[in-house]
Protein chains: 2
Amino acid sequence: MKKIPISRYFFKGILILVNQVLLQIMTIKYLLDSNFKPTSYGKGDVIYEPGAQPRAVYFIKSGKVRMVTVNDDGKEFIQGIFKTNEYFGEPALLLDKPYLAYTIATQDSEIIAVKGEDFLKMLKDHPDFSMKLIQTLSHRLFYKSMMLEELANEHAEHRIRTLVAYLFKDVEHGQELKVTRQQLADMSGLRVETVIRIIKKLSDQKELKLMKGKIIKI
Amino acid sequence: MKKIPISRYFFKGILILVNQVLLQIMTIKYLLDSNFKPTSYGKGDVIYEPGAQPRAVYFIKSGKVRMVTVNDDGKEFIQGIFKTNEYFGEPALLLDKPYLAYTIATQDSEIIAVKGEDFLKMLKDHPDFSMKLIQTLSHRLFYKSMMLEELANEHAEHRIRTLVAYLFKDVEHGQELKVTRQQLADMSGLRVETVIRIIKKLSDQKELKLMKGKIIKI
DNA sequence: TTTAATTTATGATCCAGATCATACTTAAAT
DNA sequence: ATTTAAGTATGATCTGGATCATAAATTAAA
């Protein structure tokens, strides 16, 4: 029964979740140099909502964004997290289907909305860019396939172990995982209390360390 | 605790699940005309397994294939279903990551394995083909996002209602949905018994019709 | 530095859906 | 036409994780 208001969502971490494959510098430069003007969004601002018809693709010049679906009870599910130099919203645009999710600025962000026709032109003019897009989409599919299998088949502990292992990929040994239990819950479909208990258990089993409640990679 | 052996998986239906976007005729023709020779797979044959390193992309000349992940207990989750004129296995190849899933012929099939380098060449030589691939991947992402939200947040009845509505898209009114309860279970992460009870309930509520156990779209 | 707001923590209860068991129906194979 | 296998059906029990409740520890704000 969580509500949408946003203030507590302050991802500092999760630098790379679903979108390791960066745009090449060239494309970014192209965007920045050309006449696309970024829009500023404050923490918690909604960039688009489910049901809206897509007209643009969004490039994050700076900042961070989370994509969430919300069910009738207000429970959120984090579909993905996007950060500086990544883009989002392409699938809906390219299929011309209404968005399924909210995207919400997790922190103050500057975002360039590239109109549909311009985006298609970019894809045509820069074949390398198509290739990068294909890889990005592939990567998101990988993540979603993995999570689907987990949500469908695995028990809570397994889910959290898999998810944490995945997120640890971008964390140094001895460093903290900058994700709250609530966020882990919203990514795994579990409840905070359950996640808290499991994280504790994993700590007992020396699969990770806890310091002041922070999750530390061993 | 379902076992892998395959004989009972005889999808006749689900013509279009995740892959509405067909290859353009051109590309198929290109494939069929050129020197790519199809391999024959019998019902139940495994095309690739999780962990294997991808070397090719697979085009289905004829037949049907299901992509499933299997957990330690042997419980399956159907990640996707692919039929004639569709292709599968690209994401792993393009990311050069080992496969996550099994792909198994659901019926006798002829499948063309296109080597990685040839596939990349196709992408370069046929810009339209890249675009189609992008759309195909987008569509799969849509399906997976929808299912993730369902598995994470929704109760059994809601899951089945959503899944059945999705599958009904390709069924005429008064026609049967050619999917077994077990398959619905394997797509929704529920158990057969649960699915059976829910389908019965949906039938009581006149959301669908049952004839000789078959699910009929109203 | 005090107050307020988030986040983490933990125990007690409850229930949706899994599990188990058994039978019936329909379709396929011989 | 008969056997066999696959799928559907249904009741009884059990359990993992949700829910509820309450508090302590961090972190942010005033």
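The notes below deal with the structure included here. Bear in mind that the values here come from a model prediction, so they are computed numbers and not experimental data. (Residues numbered from 1 in each chain as written. Chains lettered and ligands numbered in written order. Predicted model: local features only at pLDDT ≥ 70, side-chain atom pairs only at ≥ 80, totals over all residues. Heavy atoms only, no water.)

On to the side chain of A:E154. One can find A:E154 in the loop between α4 (127-153) and α5 (156-168). We note that A:E154 is buried and unpaired, the nearest opposite charge coming from A:R159 at a distance of 7.9 Å. Ignoring any residue separated from it by four or fewer positions in sequence, one finds A:E154 in contact with A:E149, A:R159 and B:N71. (Helix = DSSP H or I, 4+ residues; strand = E, 2+ residues; numbered from the N terminus. Buried < 20%, exposed > 50% of the residue type's maximum accessible area, 1.4 Å probe, protein only. Lys, Arg positive; Asp, Glu negative; His and termini not counted. Salt bridge = Lys/Arg side-chain N within 4 Å of Asp/Glu carboxyl O. Contact = heavy atoms within 4.5 Å.)

With 62 residues, the main nonpolar core has A:L184 and B:L184 as its most contacted residues. Leave out the neighbours within four places in its chain, and B:L184 touches B:L163, B:V164, B:L167, B:V179, B:V195, B:I199 and B:I215. Formed by 32 residues, the second largest nonpolar core is a distinct cluster that contains A:L133, A:L137, B:Y87 and B:L93. (Core = buried A, V, L, I, M, F, W, Y, C linked by side-chain atoms within 4.5 Å.)

We now examine the pattern of salt bridges. Residue and element names in this part refer to chain A. Scanning all chains against the criterion turns up 14 salt bridges over all chains. Across the salt bridge formed by R140 and E90, the nearest N and O atoms sit 3.0 Å from each other. Here R140, found in helix α4, pairs with E90, found in helix α2 (residues 90-95); they are 50 residues apart in sequence, far enough to count as distant. In this structure R140 comes out as buried when scored by relative accessible area, which is 5%.

Take the interface of chain A and chain B next. Note on interface size: it is often stated as the accessible area lost on association of the parts. Between chain A and chain B, the contact holds 40 residues from the first and 39 residues from the second. In terms of surface lost to chain B, no three residues of chain A exceed A:L141, A:F142 and A:L148, which account for 20% of the buried area on that side. For the pair chain A and chain B, the number of links is zero salt bridges. Sorting the residues of the side of chain A that touches chain B by element identifies β4 (64-70), β5 (76-83), α2, α3 (116-125) and α4 of chain A as the ones contributing at least two each. Top contributing element to the side of chain A that touches chain B by residue count: α4(A), with 20 residues. (Buried area = accessible area lost by both parts, 1.4 Å probe.)

What follows deals with the sheet that holds strand β9 (residues 176-177) of chain B. All names here are of chain B. Across the sheet, three strands lie side by side as β9-β11-β10; this open sheet has antiparallel pairing. Among the strands making up the open sheet, the edge pair consists of β9 and β10 (209-211). Across two bridges, β9 lies against strand β11 (residues 214-216) in antiparallel orientation. Across the sheet, E176 pairs through a bridge with I216, a residue of β11. (Pairing = 2+ DSSP bridges.)

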